[in-house]
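Reading the structure
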Amino acid sequence: MRVLVVGGAGYIGSHMVKMLLGAGHEVVTLDNLSSGHRDAVLGGTFIEGDLADIDCLNKVFEQHQPEAVMHFASYIQVGESVRKPDIYYRNNVTNTLNLLEVMLKFEVKKFIFSSTAAVFGEPDYVPIDEAHPTRPLNPYGRSKWMIEQVLSDYDTAFDLRSVCLRYFNAAGADPEGQLGERHDPETHLIPLILQAASGRREHIQVFGRDYDTPDGTCIRDYIHIVDLCSAHLAALEYLNQDGSSDRFNLGNGSGFSVQQVIDAVQKVSGKQVSVINGPRREGDPARLVADATRAKKILSWQPNFTELETIVSHAWQWELKQLR
Ligand code: UDP
């Protein structure tokens with residue numbers, strides 16, 4: 001298929017472009033390079049452009065005639081979204097509406113949307129399935145939940161079929177070492193610990209040790225980036241075979257605590273990490289774990305890299321490359 005990957009120069013998007021190319025699809029990447037990296041797009045056509053620019057979008061669709069769109073381009077920092085809700089709603093909501101408008105104009109009606117576990121807010125129970133109530137706690141989560149609702153209405157009114165994938169904690173790196181996480185500033189746990197192990201950072205701060213969990217630190221569901229991308233590939237296939245619009249939670253189904261992640265990094269890297277115990281970070285639930293049963297069943301998807309050490313070792317391989 002001809003697939004337009006919006007945000008294909010970012011962490012998840014770049015791994016997706018690589019996987020789509022490997023599966024024989026034709027890929028066009030559109031990215032404004034606000035946080036992505038041109039050299040992370042390993043093939044296909046690259047266009048530097050912004051979703052705010054409708055003329056640019058019209059040209060991309062006219063020239064490349066995509067048959068499906070995957071949308072990875074959004075702002076992702078929870079704390080920043082609280083301080084700057086305007087830019088989060090503009091980029092994550094308004095710009096997505098632009099994209100959908102142009103898709104409808106060109107009659108492109110298959111859409112895969114990067115959503116988030118943040119649509120659930122503080123969980124009533126874990127693991128979290130799709131029936132769990134959605135109560136996002138911040139503008140980031142709300143922006144994603146808004147688009148999920150827009151997509152439901154666009155399906156009803158315009159027959160635009162979509163799959164919303166709610167990511168838990170995307171982690172790891174390309175097992176072949178070509179791609180990895182390069183956020184600036186980096187806020188995610190695994191790369192921060194790896195940077196502390198490699199010497200790029202002095203220490204890691206643990207946000208709270210007084211949670212109601214076995215070791216007192218927060219538990220999250222870290223899903224390998226390749227497994228995340230293979231779920232998108234499965235979703236593409238699903239839409240292509242006339243699957244109806246749906247939403248799926250994506251995680252590997254087992255939770256790991258912050259301390260377990262630190263231990264795994266120390267084991268994999270053979271380095272000691274300097275740890276500072278800090279206060280809780282506002283809005284952090286104690287435990288977030290996905291129930292991905294529906295994705296497994298309906299998309300026939302299966303995560304392959306579920307061991308924490310595998311996830312960490314691929315990310316460590318990438319971190320070592322950054323030092324050169
Ligand atoms: N965390 C931490 N120190 C850091 C960054 C994160 O202790 O410097 C914790 C955070 O409180 C959460 C987990 O690590 O429990 C994962 O955080 P991250 O920001 O990577 O992802 P999130 O779960 O917020 O999407």
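In this text the structure is predicted, and so the values were computed from the model without any measurement.

Re the environment of H132
- The topology assignment puts H132 in the loop between strand 5 (110-116) and helix 5 (139-158).
- Measuring from C-alpha to C-alpha, the distance between H132 and F120 comes to 7.2 Å, with 12 residues separating the pair along the chain.
- In this structure, H132 is in contact with F120, E122, P123, D124 and Y125, ignoring residues within four places of it in sequence.

What to know about the site of the ligand
- By nearness alone, 15 residues border the ligand, and L189, Q205, F207, R281 and D284 come closest of all.
- In the environment of the ligand, an oxygen atom lies 2.9 Å from a nitrogen or oxygen atom belonging to the side chain of R220.
- About the coverage of the ligand: the protein hides 86% of its 510 Å² of free accessible area.
- Of all the secondary structure elements, the ones that give two or more residues to the shell around the ligand are helix 6 (189-198) and strand 8 (204-207).
- Broken down by element, the shell around the ligand gets its largest block of residues, four residues, from strand 8.
- Split into classes, the residues belonging to the shell around the ligand amount to eight nonpolar, four polar and three charged.

A look at the pairing of strand 5
- In terms of burial, strand 5 is a largely internal element, seven of the seven residues being buried.
- Side chains K110, I112, S114 and T116 of strand 5 all project onto a buried face; the interleaved residues F111, F113 and S115 project onto the opposite face, where all are buried too.
- Across seven bridges, strand 5 lies against strand 6 (residues 161-167) in parallel orientation. Bridge pairing in strand 6 places T116 opposite Y167.

Observations regarding the state of the cysteines
- Counted under the stated rule, the structure contains zero disulfides.
- Just so you know, C229 is unpaired, no disulfide at all, and the nearest cysteine sulfur is the one on C164, 17 Å from it.

Let's talk about the pattern of salt bridges
- Inspection of the entire model under this criterion finds 14 salt bridges.
- Between D39 and R182 there is a salt bridge, with the nearest N and O atoms lying 2.9 Å from each other. Of this pair, D39 sits in the loop between strand 2 (26-31) and strand 3 (45-48) while R182 sits in the loop between strand 7 (169-171) and helix 6; the two residues are 143 residues apart in sequence, bridging distant segments of the chain.
- With relative accessibility at 26%, the residue R182 sits in the partly exposed group.
- Among the salt bridges present, the one from R161 reaches D242, with a minimum N-O distance of 3.9 Å. One end of the pair, R161, is in strand 6; the other, D242, is in the loop between helix 7 (225-240) and strand 11 (246-250), and 81 residues separate them in sequence.
- Classification of D242 by relative accessible area gives exposed; the value is 64%.
- What emerges from the salt-bridge pattern is a single network uniting K18, D174 and E176.

Details of the sheet that holds strand 12 (residues 256-257)
- Spatially, the three strands line up as an open sheet ordered 12-9-14, and their pairing is mixed. Where the open sheet ends on each side, the last strands, each with one partner, are strand 12 and strand 14 (287-288).
- Relative to strand 14, strand 9 (residues 219-220) runs parallel, the two being bridged by two bridges. Its bridge partner lying in strand 14, R220 is registered against L288.

Quick notes on helix 10 (residues 308-323)
- In a regular helix each residue adds 1.5 Å, so 16 residues correspond to 22 Å; helix 10 covers 23 Å between its end C-alpha atoms and thus fits that length.
- What helix 10 keeps buried is the set L308, I311, V312, H314, A315, W316, W318 and E319.

Re the side chain of D174
- Its location among the elements puts D174 in the loop between strand 7 and helix 6.
- Separated by 2.9 Å, the side chain of D174 and the backbone nitrogen of Q178 make a polar contact.
- Residue contacts for D174: discarding those within four places in its chain leaves H15, K18, L179, I225 and Q317.

Here is what the cut-offs are and how they apply
Residues numbered from 1 in each chain as written. Predicted model: local features only at pLDDT ≥ 70, side-chain atom pairs only at ≥ 80, totals over all residues. Heavy atoms only, no water. Helix = DSSP H or I, 4+ residues; strand = E, 2+ residues; numbered from the N terminus. Contact = heavy atoms within 4.5 Å. Near = heavy atom within 4 Å. Polar contact = N/O pair within 3.5 Å; in protein donor to acceptor, adjacent residues only side chain to side chain. Areas by Shrake-Rupley, 256 points an atom, 1.4 Å probe, with all protein chains shown as cover. Nonpolar A, V, L, I, M, F, W, Y, C, P; charged D, E, K, R; others polar. Buried < 20%, exposed > 50% of the residue type's maximum accessible area, 1.4 Å probe, protein only. Pairing = 2+ DSSP bridges. Disulfide = S-S within 2.5 Å. Salt bridge = Lys/Arg side-chain N within 4 Å of Asp/Glu carboxyl O. Expected span 1.5 Å × (residues − 1).

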